[in-house]
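Secondary and tertiary structure notes
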Amino acid sequence: MKRTPVNPWDWSLKLGYNQAEIIDGPSRQLICAGQTAVDGEGNPQHPGDMRSQIALALDNLEAVLAGADMNLSNIIRLGVYATDVDEALKNFDLLGMRFGPIQSAPPMTLLGVTRLALPGLLFEIEATAAV
């Protein structure tokens, strides 16, 4: 798979994402449901703690990717939902710590929502991945 960034401006690179990417030659795609801060039984974890919820949601996303023999470098699009966008952005260094070392900056959308599927959840991340 060949990835070519499309960035008519560079401001989004400072935030860790490309405006778009041209994907040439993917042979297999994975569409991930939104991942949140839940344990293996689906119980919400870390009530009121955005940072811990982001970290666990990323762990869960990586587990789903691993189940398809993929990893974060295979992600070609992210959708992020947060009940408090400002608080989520304060903790986006967690995304940088995961995606930075693999030099990946998939296109991303961040949306503020009034609530997520389960009470107490603050953050949800969905992904499309390809190889």
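See the structure above.
Parameters and conventions
- Residues numbered from 1 in each chain as written.
- Predicted model: local features only at pLDDT ≥ 70, side-chain atom pairs only at ≥ 80, totals over all residues.
- Heavy atoms only, no water.
- Helix = DSSP H or I, 4+ residues; strand = E, 2+ residues; numbered from the N terminus.
- Rg over C-alpha atoms; globule rule 2.2 N^0.38 Å.
- Buried < 20%, exposed > 50% of the residue type's maximum accessible area, 1.4 Å probe, protein only.
- Pairing = 2+ DSSP bridges.
- Axes fitted to C-alpha atoms, helices over the stretch in contact; angles between N-to-C directions.
- Salt bridge = Lys/Arg side-chain N within 4 Å of Asp/Glu carboxyl O.
- Core = buried A, V, L, I, M, F, W, Y, C linked by side-chain atoms within 4.5 Å.
- 1 Å grid on protein atoms, 1.4 Å probe; cavity = no way out; pocket = protein on both sides within 12 Å on 5 of 7 lines; lining within 4 Å.
- Points joined across faces, edges and corners; volume = space filled by probe spheres on them.
- Nonpolar A, V, L, I, M, F, W, Y, C, P; charged D, E, K, R; others polar.
- Polar contact = N/O pair within 3.5 Å; in protein donor to acceptor, adjacent residues only side chain to side chain.
- Contact = heavy atoms within 4.5 Å.

Let us look at the overall build of the protein chain. The helix and strand tally for the protein chain stands at 3 helices and 6 strands. The C-alpha radius of gyration computed for the protein chain amounts to 14 Å, which stays within 12% of the reference 14 Å derived for 131 residues, consistent with globular compactness. Counting only C-alpha atoms and orienting by the principal axes, one finds that the protein chain spans roughly 40 × 35 × 25 Å. Expressed as a percentage of the 131 residues in the protein chain, the buried residues total 38%.

Let's shift gears to the sheet that holds strand β5 (residues 108-112). Reading across the sheet, the 4 strands line up as β3-β6-β4-β5 and stay open at both edges, with mixed pairing between neighbours. Looking at strand neighbours, the two that pair on one side only are β3 (29-35) and β5, the edges of this open sheet. For this sheet, the mean inter-axis angle between neighbouring strands, taken without regard to orientation, is 10 degrees.

Another point: the pattern of salt bridges. Evaluated as defined, the whole model comprises 5 salt bridges. In this structure, D59 and R98 form a salt bridge, with 2.8 Å as the shortest nitrogen-oxygen distance. With D59 in helix α1 (residues 50-67) and R98 in helix α3 (residues 93-99), this residue pair connects regions lying 39 residues apart in the sequence. Note on D59: relative accessible area 38%, which makes it partly exposed. Close ionic contact of E62 with R98 constitutes a salt bridge, the shortest N to O distance being 2.5 Å. Of this pair, E62 sits in helix α1 while R98 is found in helix α3, placing the two residues 36 residues apart along the sequence. What makes R98 partly exposed here is its relative accessible area of 21%.

Now for the nonpolar core. The biggest cluster of nonpolar side chains holds 27 residues, and the ones touching the most others in it are L61, L65, I75, L78, L95, F123 and I125. Elements supplying a minimum of two residues to this core: β3, α1, β4 (75-82), α3 and β6 (123-130). Per-element accounting of this core gives the leading share, 6 residues, to α1. A37, V38, L116 and L121 belong to the second-largest nonpolar core, a separate cluster that totals 5 residues.

Of the pockets and cavities examined, the largest pocket occupies roughly 270 Å³. Lining the largest pocket we find 13 residues, and of these L15, G16, Y17, F92 and M108 sit closest to its centre. Of all the elements in the fold, those that place two or more residues in the lining of the largest pocket are α3 and β5. Across the lining of the largest pocket, the residue classes tally to 8 nonpolar, 5 polar and no charged.

Our focus in this paragraph is the side chain of N91. Along the chain, N91 turns up in the loop between α2 (85-90) and α3. Engagement of the side chain of N91 in a polar contact is seen with the backbone oxygen of E87, the distance being 2.8 Å. Non-local contacts of N91, meaning those with residues more than four positions away in its chain, are made with M50, R51 and I54.

Function cannot be inferred from these measures alone, as they are strictly geometric.
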